[in-house]
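Fold and contact review
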Amino acid sequence: MDFFIDFGVIGSSFLSLMHPITLGWIVIGVVVGIIFGAVPGLTATTAVALFTPITFDLDFTDSFAFLLGIYCGGYYAGSIPAILINTPGAPGNAATALDGHALAVQGKAGKALSVSVTSSWFGGIFSAFMLLVFAPLFTKMALKFGPQEYFAVAVLGFSAIASISGKSMVKGLAAGMIGCVLGCIGMDPMDGIPRFTFGILDLFSGIDILPALIGLFALTEVFSKTESLKRGQKEEVLPSDRVLPKFKEYWKRKGILLKSSIIGTIVGAVPGTGPAIAAWLSYNEAKRGSKEPEKFGNGSEEGIIACEAANNAVTGGAIIPLITLGIPGDAVTAVLLSALLIQGLTPGPMMIVNNYDIVTTILWILIIANCLMLVFGLFGSKYFSKILSIPSTILTPIICVLCVAGGFSVGNSTFDCLLALILGIIGYGFMKFGFPVAPMVLGMVLGPIIEPYFRLALISSDMDPMIFIKSPLSCLFLILTVILTWSMQRKGKGGKKEKKAEKAA
Amino acid sequence: MKNSDTGSGLFLVVLGIAGVVYTRMQGFRSTVGLSPAFFPTFLFVAIGICGLILTLKSFKLEKAGFPKFKWGKLAAIIGMLAVYIVVMDYIGFIISTIVFLLASMWFYGETRIKIIVPVSLVATAIIYLLWTFVFNIPLPTLFL
């Protein structure tokens, strides 16, 4: 089967998006993403999790226009609080806080925001085009996959997540395993035997990923804010102004922009990695190659460019394994996987073969969302300090209502809302004891992928476990799993600089 | 107990053992290939091993206390959310949401009536209208 980039389909996908309603959904998505990304404690993941249930009634294009708008806007907007209040909106923006806030303290907050959004835009656009080029190549490889290869790729994603989330690899792994156990609840995928349902009928179909996401990401934040809120507490927000980018400035730094975007795309495409790794790798790489390394940490524009280009390049990269293999790269793409399934689409190699227009539509949505993000980021910078000034005393109760309304939308029943609340309580307890919740969610997504492929592979090989080693691709992925886990453990979960940034924040 | 990791580790060990015992007790049988009990058993064993490693590693750490919870505040918001969810089925989304927003904003420290009343009414109206008319997702109403 031979297929590659089809320009006819690319053109028609672009035209299909040129509809006022679709463009409107992208605009709303980007604005919602920027608001959620900018408010500390809320993230792109929270926003996508909260708003996915409301896309049930939308068609594929409008649904993804909205969700990918949130995805791009949310990833970028984490840099706004990093710059203005020295609190990264998401782990991927921690490195931005080092130089961005230093610039803001020098009275150049507008400049820092401008550099941040322009670099994010470049990274996002670059990775969207890489998605177009590499998705068909991945698909060609994935078409040769059997159950053992799918199992090995899912294990690769799982182990990488466990090794990078949080300060303790053991805790990350345990959280991932617990997520897998939660994923086992419901009918067994091969024999249809109910497992761990305790006779509750609503659990027979398993725990839907959306209440889990709402509980583990949004409600845990609500509980965290509940404990930390003090009456009359206000965050010190530095003022920002509007600074438009100058082409010459970026042309001078084209090497850093390009290198960081490539790093972001590649890191994003590896299941289980994420923007935090991409941002720190690019930051270190930019510092290593810079003529002024001493400026890094003290307000270096190159530092912001490196972090933000890589951070947003992850968006396109992370979609590659999602649509080619059906394996989400991180928590947000796990939610996007649910959104694809809601639309009746099953991600995997056959999706590109049969629905190439969907890949090109995603590409154009990402490009348009990134361009809108640039416009809102540049012209809205004066208002960002106002978003950050919305008191948590008002915002937190509204988030609670959105959680309940979102949970209700999953199955038109309050059972999912209660499930989200219970998982939120469990997740918060785990968080307080230093267990990361992201691997738990990924475990819930990857567990039900790993188990049937593992069992199918064994059945197809007459229960010979060597099947996973005998297949060259499966063996390669398992070796990669070992190497990745080992190297991540050596790095000590993100390195000293991340810890320094966390402390600074 | 030396620190919170010792407690977490022991909890995982107990969870692993309980999980293995419970899975075995279910007597899952498969017609083809591996039993449906295989994967959960493997997971519970792995959780137990993680717990054991965590406990052993914790002995090398400095003595430290358990994380502190603000039980009163947490119980209040969890209770409010639980009541809100349960009551929503009976009195509908609109009334329960307005009451929840008023109560929770007050609880979080926003006591200015001129702020909490309009915010509660407007936020409820916007969410209800968006869900019902834009996203076509019916929310519970009083007369359902």
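Cut-offs used in this document
- Residues numbered from 1 in each chain as written.
- Chains lettered and ligands numbered in written order.
- Predicted model: local features only at pLDDT ≥ 70, side-chain atom pairs only at ≥ 80, totals over all residues.
- Heavy atoms only, no water.
- Phe/Tyr/Trp six-rings, centres within 6.5 Å; stacked < 30°, edge-to-face > 60°.
- Helix = DSSP H or I, 4+ residues; strand = E, 2+ residues; numbered from the N terminus.
- Buried < 20%, exposed > 50% of the residue type's maximum accessible area, 1.4 Å probe, protein only.
- Domains from an automatic or database assignment.
- Contact = heavy atoms within 4.5 Å.
- Axes fitted to C-alpha atoms, helices over the stretch in contact; angles between N-to-C directions.
- Parallel < 35°, antiparallel > 145°, perpendicular 65-115°, else oblique.
- Left-handed = near helix turned anticlockwise from the far one by under 90°.
- Nonpolar A, V, L, I, M, F, W, Y, C, P; charged D, E, K, R; others polar.
- Salt bridge = Lys/Arg side-chain N within 4 Å of Asp/Glu carboxyl O.
- Disulfide = S-S within 2.5 Å.
- Patch = residues over 30% accessible without salt bridge, like charges linked within 9 Å, V, L, I, M, F, W, Y side chains within 5 Å.
- Areas by Shrake-Rupley, 256 points an atom, 1.4 Å probe, with all protein chains shown as cover.
- Core = buried A, V, L, I, M, F, W, Y, C linked by side-chain atoms within 4.5 Å.

Quick notes on the packing of aromatic side chains
Residues and elements named next belong to chain A. Applying the stated rule across the entire model yields 27 aromatic pairs over all chains. With a centroid separation of 5.8 Å and 85° between ring planes, the pair formed by F36 and F51 is classed as edge-to-face. Of this pair, F36 sits in helix α2 (residues 20–38) while F51 sits in helix α3 (residues 44–51), placing them 15 residues apart in sequence. Take F36 and F51: they sit in the same class, and that class is buried.

Section: the domain arrangement of chain B
We note that the domain assignment places domain 1 (4–58) and domain 2 (71–134) within chain B. Between domain 1 of chain B and domain 2 of chain B, the C-alpha centre-to-centre distance is 40 Å.

Concerning the side chain of S4 of chain B
Relative to the helices and strands, S4 of chain B resides in helix α1 (residues 4–26). Residue S4 of chain B is classed as buried on the basis of its relative accessible area of 14%. Ignoring any residue separated from it by four or fewer positions in sequence, one finds S4 of chain B in contact with F433 of chain A together with A64, G65, F66 and P67 of chain B.

Description of the packing of α3 of chain A against helix α4 (residues 60–77) of chain A
All names here are of chain A. As a packed pair, α3 and α4 sit with axes 8 Å apart at the nearest point and diverge in direction by 165°. As far as their axial angle goes, α4 and α3 are roughly antiparallel. Like other packed secondary-structure pairs, α3 and α4 cross with a definite hand, here right-handed. On α4, the residues that touch A44, A47, V48 and F51 of α3 are F66, L67, I70, Y71, G74 and Y75. Its residues assigned to classes, the contact of α3 with α4 shows 9 nonpolar, 1 polar and no charged.

Thoughts on the interface of chain A and chain B
Contacts between the two partners involve 60 residues from chain A and, on the opposite side, 67 residues from chain B. The interface formed by chain A and chain B includes 1 salt bridge. For D5 of chain B, the salt bridge identified is with K171 of chain A, shortest N-O distance 2.7 Å. Only α9 (169–184), β2 (194–195), α10 (209–228), α19 (392–411), α20 (414–432) and α21 (438–460) of chain A provide two or more residues apiece to the side of chain A that touches chain B. Of the residues assigned to the side of chain A that touches chain B, the class counts are 41 nonpolar, 9 polar and 10 charged.

Thoughts on the pattern of salt bridges
All names here are of chain A. Counted by the stated rule, this structure contains 14 salt bridges over all chains. Across the salt bridge formed by E227 and K432, the nearest N and O atoms sit 2.8 Å from each other. One end of the pair, E227, is in helix α10; the other, K432, is in helix α20, with 205 residues separating them in the sequence. Given the relative accessible area of 6%, E227 is considered buried. The partner of K470 in a salt bridge is D464, and the shortest N-O contact between them spans 2.8 Å. Relative accessible area serves as the criterion here: at 23%, D464 is assigned to the partly exposed category. Connected via shared salt-bridge partners are D188, D191, R195, E451 and R455.

Quick notes on the state of the cysteines
All names here are of chain A. A full pass over the atoms with the stated rule returns 0 disulfides over all chains. Free cysteine C180: the closest other cysteine sulfur is in C184, separated by 7.0 Å. C371 takes part in no disulfide bond, and the closest cysteine sulfur to it belongs to C72, at a distance of 10 Å. Relative accessible area serves as the criterion here: at 33%, C371 is assigned to the partly exposed category.

Thoughts on a nonpolar patch on the surface
Residues and elements named next belong to chain B. On the surface, W106, I113, V117, L121, V122, I126, L129, L130, F133 and V134 cluster together to form a nonpolar patch covering roughly 930 Å² of accessible area. For the nonpolar patch, the leading source of residues is helix α5 (residues 113–134), giving 9 residues. One can find I126 in helix α5.

A closer look at the nonpolar core
Residues I80 and I362 of chain A together with L81 of chain B are the most contacted members of the largest nonpolar core, which totals 205 residues. A total of 14 residues in this core trace back to one element, the largest contributor, which is helix α17 (residues 356–379) of chain A. Counting the residues that make up this core, at least three belong to each of domain 1 (4–58) and domain 2 (71–134) of chain B. With sequence-adjacent residues up to four places away left out, I362 of chain A is seen in contact with F60, F64, L68, L131, I319 and I323 of chain A.

What to know about unusual backbone geometry
Residue and element names in this part refer to chain A. The backbone of D462 sits at a positive phi, close to 55°, despite the residue not being glycine. Of note, D462 is situated in the loop between α21 and α22 (467–470). A residue is classified by how much of its surface remains accessible, and D462, at 71% relative accessible area, is exposed. Non-glycine residue M463 carries a positive phi angle of around 60°. Assignment of secondary structure puts M463 in the loop between α21 and α22.

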